[in-house]
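Fold and geometry: a report
Chain by chain, the residues run as shown.
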Amino acid sequence: QQQQQQTTIQRLLRVGFDWKPLCCFHNSFTIRKASLPLCLPFAQNIPVSLLLRSTKTINTMSLKEQKLSHERHVAIRAVEKASRVCEFVRNGDLLQTQSKEDKSPVTVADFAAQAIVSKELGKEFPDFLMVGEEDATFLRSEEGQDILKKVVSAVNEVDPDFTKDDILDAIDRGAHSGGPEGMFWVLDPIDGTKGFLRNDQYAVCLGLVRKGEPVLGVLGCPNLPANLSQPDGPRGCGFAAVKGQGCVTFLLENFDNESAFSKSNVSKRDAKEGSVVESVERAHTSHSLSSEISEGVGFVNESVKMDSQCKYAVVARGEAELYLRLPKKKSGDEYYVEKIWDHAAGVVVVQEAGAIVTDVFGNPLDFSKGRTLQDNLGVIVSNGVVHDKVLDILAKHFTQ
């Protein structure tokens, strides 16, 4: 029983349970359900005295020392499995799309990947919270039944025991509102859906946010070459990072063999030797301003246009020195507000590889405001060598 209690305490601390107010209680008290986050009913009746004794050493650990190693392992496994189902759909006859309210496409693979990741997280963390891009509203409708059948078929290719109702419920676990408290996962099941549809770059992106700060990120890039200069070489890359522990990269086929992982670091090249990576879609970034910045900073190589958070990945492994996501007005005087699932995983990956990430004003990205980056404008990622020069040019175009 004591060993079970110690395991429960470890889980409490990983999700940020604030034990300090319990210090005023007598040692005979136990943790009451009313004092716990709703997602932690398993901790009811743990003796406070045991918690306090344990936290003398456990809770004083830095986040780096509390390695999140189990969460990292689960996330890598979930992303690899979701990447597999995406490739099965992309290369098969189940590819079908539906337009969302914002006119962006969602495919069978988007739904299937979110279901797979949700189930994998639920196996290890039954009370997990998740901000996911998709929901199952359309799939539950009469007009969505055709796509639903294909989603079930795709999921069953990698998980034969997953029923239709389980799939719908798993997708809908992505409804968490985010915010500054506790710990929650952030998932973009397919970032770069248009790239996916044209057999180009896309990514499965899973991040973990703790008290408003991304602390873990895993990217699955199934179509990304292991080396951009060798496009005919091996493809299918993964990236994983925990705050304070650096970034690793690996072939997705080696996801369960950490001896095959290698450290990933940004380059230290300056603009004359380096390159810029930006979105393919003009709706996602201002290509004209990007050209102005590239010229002003001194980049001479042609920019690389790429879909998805693969852009974070290529900066993280030193194949580009600057990633620009420059804000465009979507209507009237309103700028597009970035969604947290488009950046949470990639930010951890690239920062742990040594990059600097800010908005156009030089502010860090704030993931504590819910499901969007409402307090930020645009995203600038660099190897650090050119960052200040980029911000100087942007200051002529944007006022805070």
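Numbering of residues begins from 1 in every chain and follows the order in which that chain's sequence is written. For a predicted model such as this one, the threshold for reporting local features is a pLDDT of at least 70, and the threshold for listing and counting side-chain atom pairs is 80 or more; totals across whole chains, interfaces and linings nevertheless cover every residue. Side-chain measures here rest on the full set of heavy atoms in the structure, leaving out hydrogens and waters.

As for unusual backbone geometry
The phi dihedral of N199 is positive, around 60°, even though this residue is not glycine. As for its position among the elements, N199 is in the loop between α8 (193-197) and β5 (203-210). Residue K211 is not a glycine yet carries a positive backbone phi of 50°. By the criteria applied, helices consist of DSSP H or I runs no shorter than four residues and strands consist of E runs no shorter than two, each listed in order from the N terminus. By the element assignment, K211 lies in the loop between β5 and β6 (213-225).

A look at the sheet that holds strand β16 (residues 379-382)
Note on pairing: two strands pair once DSSP finds at least 2 bridges between them. The strand order β11-β10-β12-β16-β15 describes an open sheet built from 5 strands, whose pairing is mixed. Among the strands making up the open sheet, the edge pair consists of β11 (304-305) and β15 (356-358). Two elements, strand β10 (residues 276-278) and strand β12 (residues 322-325), share 3 bridges in a ladder whose sense is parallel. Bridge assignment links V277 to a residue of β12, and that residue is Y323.

Observations regarding the packing of aromatic side chains
Two aromatic rings, drawn from Phe, Tyr or Trp (for Trp, its six-membered ring), form a pair once their centres lie within 6.5 Å of each other, and the interplanar angle then sorts them: stacked below 30 degrees, edge-to-face above 60, tilted otherwise. Counted by the stated rule, this structure contains 5 aromatic pairs. Pairing F250 with F261 gives two aromatic rings, centres 4.3 Å apart and planes at 15°, and the pair type is stacked. Placement of the pair is F250 in strand β8 (residues 247-251) and F261 in the loop between β8 and β9 (262-264), with a sequence separation of 11 residues. Only protein chains enter the accessibility calculation, which uses a 1.4 Å probe; a residue is then buried when its area is under 20% of its type maximum, exposed when over 50%, and partly exposed in between. The class for F250 is buried, based on a relative accessible area of 5%. A relative accessible area of 13% places F261 in the buried class. Ring-over charges, as used throughout, are those where CZ of Arg or NZ of Lys falls within 6 Å of the ring centre and within 35 degrees of the ring normal. The cationic tip of K119 hangs over the ring face of F162; the distance from NZ or CZ to the ring centre is 4.5 Å.

Observations regarding the environment of K150
Among the secondary structure elements, K150 is positioned in helix α6 (residues 145-158). Between the alpha carbons of K150 and V89 there is a distance of 9.2 Å; along the sequence they are 61 residues apart. Whether two residues are in contact is decided by their heavy atoms, any of which lying within 4.5 Å being enough. Dropping the residues within four chain positions of it, K150 is found in contact with L94, Q96 and V108.

Some remarks on the pattern of salt bridges
For salt bridges, the criterion is a side-chain nitrogen of Lys or Arg within 4 Å of an Asp or Glu carboxyl oxygen. Evaluated as defined, the whole model comprises 19 salt bridges. With a closest N to O distance of 3.9 Å, K81 and D159 form a salt bridge. Placement of the pair is K81 in helix α3 (residues 69-90) and D159 in the loop between α6 and α7 (164-171), with a sequence separation of 78 residues. We classify K81 as buried; its relative accessible area is 12%. Where R90 meets E87, a salt bridge forms, and the shortest distance between an N and an O atom there is 2.7 Å. With a gap of 3 residues between them, R90 and E87 both fall in helix α3, about one helical turn apart. The same class applies to R90 and to E87, which are both buried.

Things to note about the confidence of the model for the protein chain
Chain-level statistics for the protein chain give a pLDDT mean of 86 and a share of 81% at 70 or above. One number per residue, pLDDT, summarises how confident the predictor is, and it ranges from 0 to 100. In this model residues 14-42 is a low-confidence stretch, pLDDT under 50, and it forms 55 contacts with partners more than four residues away in sequence or in other chains. The low-confidence segment residues 52-65 (pLDDT under 50) makes 23 contacts with residues lying over four places distant or belonging to another chain.

Quick word on the side chain of R90
Residue R90 is classed as buried on the basis of its relative accessible area of 13%. A distance of 2.7 Å separates a polar atom in the side chain of R90 from a polar atom in the side chain of E87. We call two N or O atoms a polar contact when they sit within 3.5 Å, provided that within protein one can donate a hydrogen and the other can accept it, with sequence-adjacent residues counted only if both atoms are side-chain atoms. Within the local environment of R90, its side chain forms a polar contact with the side chain of N199, the two groups lying 3.0 Å apart. Look past the residues within four positions of R90 in its chain and what remains in contact with it is F196, N199, Y202 and N223.

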